[in-house]
Amino acid sequence: MTKPTLVLLAAGMGSRYGGLKQVDPVGPSGETLLDYSIFDALRAGFGKVVFIIRHDIEVQFREVVGKRFEGRVPVEYAFQELGDLPAGFKVPEGRTKPWGTTHAILAAEKVVREPFTVINADDYYGRSSFQSMAVHLTSGSPDLAMVGFQLKNTLSEHGTVARGICTVGADGYLTSVEELTKIEKTSTGARDGDRVFTGEELVSMNFWGFQPGVFPDLRASFTGFLQRAGNELKSECYIPATVNELMLAGKARVRVLSSRDPWFGVTYKEDKPRVVESIARLVANGDYPAKLW
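Residues numbered from 1 in each chain as written. Predicted model: local features only at pLDDT ≥ 70, side-chain atom pairs only at ≥ 80, totals over all residues. Heavy atoms only, no water.

Engineer: Explain the nonpolar core here, please?
Structural biologist: A general feature of soluble globular proteins is that nonpolar side chains tend to end up buried together. Ranked by internal contacts, the top residues of the largest apolar core, which has 42 residues, are Leu-8, Leu-34, Phe-46, Phe-51 and Phe-130. Core analysis: the next-biggest nonpolar cluster, separate from the first, contains 38 residues, Leu-144, Met-146, Val-243 and Met-247 among them. (Core = buried A, V, L, I, M, F, W, Y, C linked by side-chain atoms within 4.5 Å. Buried < 20%, exposed > 50% of the residue type's maximum accessible area, 1.4 Å probe, protein only.)

Below, the structure written as structure tokens:
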């Protein structure tokens, strides 16, 4: 049985956070959030780790992060670069913003040949999320998969967040996902402009499961995005929008998986104390050792 691969989106410098938050310690022995994700993935049966980073952070990332895992699990690196575009397209003058998560995942095409999970490097998803995804990816099912979380448990007290708002059918399959980029917490739930939410809605936190044959469809979707918006300076091609496009075209079905664990992450610097406290509580409860490695 082929072991699935864990792909971590770690190319962002964290503009709202103000630094390279992927290497910011939150655990009692200096662990980062991605340490906990990799620890959970390995005990769920994942067999390889791929970091999607940028060349300009490669030295620091390999030294601070990569070397901790290279003796424990096969590790590969893929690089998301602004100028890595399909033939016939070029970066518009003045653009510095990355092209989004679909573009980031495409960077891993040359090193991923197994069923794989894509996650954010700076989020905590919990052990059961990786367990349920590993079961799906090794089941032989051709379906895509997503682990969903409740919106109210994914908001920040310190600013807006981007979330994929999901609709799920009675059969447990995703019917739509809409990426909203400025969701803010309110006293009664959340809102994004005129859109109001109760907080009970299911959202995508970029915990996706794919088969390696998905890359041509991702590439076609990204090419279509460039044709529509490639001359804009800040437009991004998000993986929830790409998955939604594939579903509407009848090219994919997405099984929605549940997790018993809470999600938490560091979007803003002010979020960090709550994350440190949450990790300490999990360690005290015996979910993790005080020192992972």
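Don't stop here, the text continues.
Engineer: Explain helix H1 (residues 33-44) here, please?
Structural biologist: Residue pairs spaced three or four apart in an α-helix point in one direction, given the helix's 3.6 residues per turn. The terminal C-alpha atoms of H1 lie 17 Å apart, and with 12 residues this matches the ideal 16 Å at 1.5 Å per residue to within 8%. By the criterion of burial, H1 is predominantly enclosed, with 10 of the 12 residues buried. When we look at burial in H1, the residues that qualify are Leu-33, Leu-34, Asp-35, Tyr-36, Ser-37, Ile-38, Phe-39, Asp-40, Ala-41 and Ala-44. Looking one or two residues beyond H1, the residue adopting positive phi is Gly-45, at roughly 110 degrees. (Helix = DSSP H or I, 4+ residues; strand = E, 2+ residues; numbered from the N terminus. Expected span 1.5 Å × (residues − 1).)

Engineer: In this structure, what is going on with the confidence of the model for the protein chain? I would like to understand it.
Structural biologist: As a general rule, the predicted coordinates of low-pLDDT regions are not to be interpreted in detail. Averaged over every residue, the pLDDT of the protein chain is 92; the share at 70 or more is 96%. When pLDDT is averaged over each helix and strand of the protein chain, the minimum, 86, is found for helix H2 (residues 58-64) and the maximum, 98, for helix H5 (residues 215-229). Here residues 13-17 scores under 50 on pLDDT; set against residues more than four positions off or in separate chains, the count is 17 contacts. (pLDDT = per-residue confidence, 0-100. Contact = heavy atoms within 4.5 Å.)

Engineer: What should I look at first to understand the side chain of Lys-48 in this one?
Structural biologist: You can see Lys-48 is positioned in strand E2 (residues 48-53). Its relative accessible area of 10% is what places Lys-48 among the buried residues. Within polar-contact distance, the side chain of Lys-48 engages the backbone oxygen of Val-111 at 2.6 Å. Excluding anything up to four places from it in sequence, Lys-48 contacts Pro-4, Thr-5, Leu-6, Val-73, Pro-74, Glu-76, Val-111, Val-112 and Glu-114. (Polar contact = N/O pair within 3.5 Å; in protein donor to acceptor, adjacent residues only side chain to side chain.)

Engineer: Which parts of the structure should I look at to understand the pattern of salt bridges?
Structural biologist: Pairs can form between side chains of opposite charge whenever their charged atoms are close. One pass over the full model with this rule turns up 14 salt bridges. Linking Asp-143 and Arg-253 is a salt bridge whose minimum nitrogen-to-oxygen distance equals 3.3 Å. Residue Asp-143 is found in the loop between helix H4 (127-137) and strand E6 (144-150), and its partner Arg-253 is found in the loop between helix H6 (239-248) and strand E12 (254-257); the two are separated by 110 residues along the sequence. Each of Lys-48, Glu-76 and Glu-114 takes part in a single network of salt bridges with overlapping partners. (Salt bridge = Lys/Arg side-chain N within 4 Å of Asp/Glu carboxyl O.)

Engineer: Help me understand the packing of aromatic side chains, please; the structure alone is not making it clear to me.
Structural biologist: To describe a pair of aromatic rings, one takes the distance between the centres and the angle between the planes. Under the definition given, this model contains 19 aromatic pairs. When the centroid spacing of 5.4 Å and the interplanar angle of 35 degrees are considered together, the rings of Phe-116 and Phe-210 count as tilted. Highlighted residues: Phe-116 in strand E4 (residues 116-120) and Phe-210 in strand E11 (residues 202-210), separated in sequence by 94 residues. Both residues of the pair, Phe-116 and Phe-210, belong to the buried class. (Phe/Tyr/Trp six-rings, centres within 6.5 Å; stacked < 30°, edge-to-face > 60°.)

Engineer: How should the environment of Ala-44 be read in this particular structure?
Structural biologist: Among the structural elements, Ala-44 can be located in helix H1. Considering only alpha carbons, one finds Ala-44 and Ile-119, 75 residues apart in sequence, at a separation of 15 Å. Contacts of Ala-44, omitting those with residues within four sequence positions, involve Phe-130, Gln-131 and Ala-134.

Engineer: Sorry, what's going on with the state of the cysteines here?
Structural biologist: Such a bond, covalent and formed between the sulfur atoms of two cysteines, is termed a disulfide. This structure, assessed with the given rule, holds zero disulfides. Of all cysteine sulfurs, the one in Cys-237 lies closest to Cys-166, which takes part in no disulfide; the gap is 17 Å. Residue classification places Cys-166 among the buried positions, given a relative accessible area of 10%. Owing to a relative accessible area of 5%, Cys-237 belongs among the buried residues under this scheme. (Disulfide = S-S within 2.5 Å.)

Engineer: Can you help me understand helix H7 (residues 272-284) in this one?
Structural biologist: Across its 13 residues, H7 extends 18 Å between first and last C-alpha, which sits within 8% of the 18 Å expected from 1.5 Å per residue. Among the residues making up H7, those that are buried are Val-275, Ser-278, Ile-279, Leu-282 and Val-283. Each buried residue of H7 lies within a common arc of 140 degrees when the element is viewed along its axis, so the set occupies one face. Those residues of H7 that are exposed and aimed more than 90 degrees away from the buried face are Pro-273 and Ala-284. In the core, the buried residues of H7 are packed alongside H1, strand E5 (123-124) and strand E13 (264-265). One or two positions beyond H7, positive phi appears at Gly-286, with a value near 90 degrees. (Arc of directions from axis to C-beta.)

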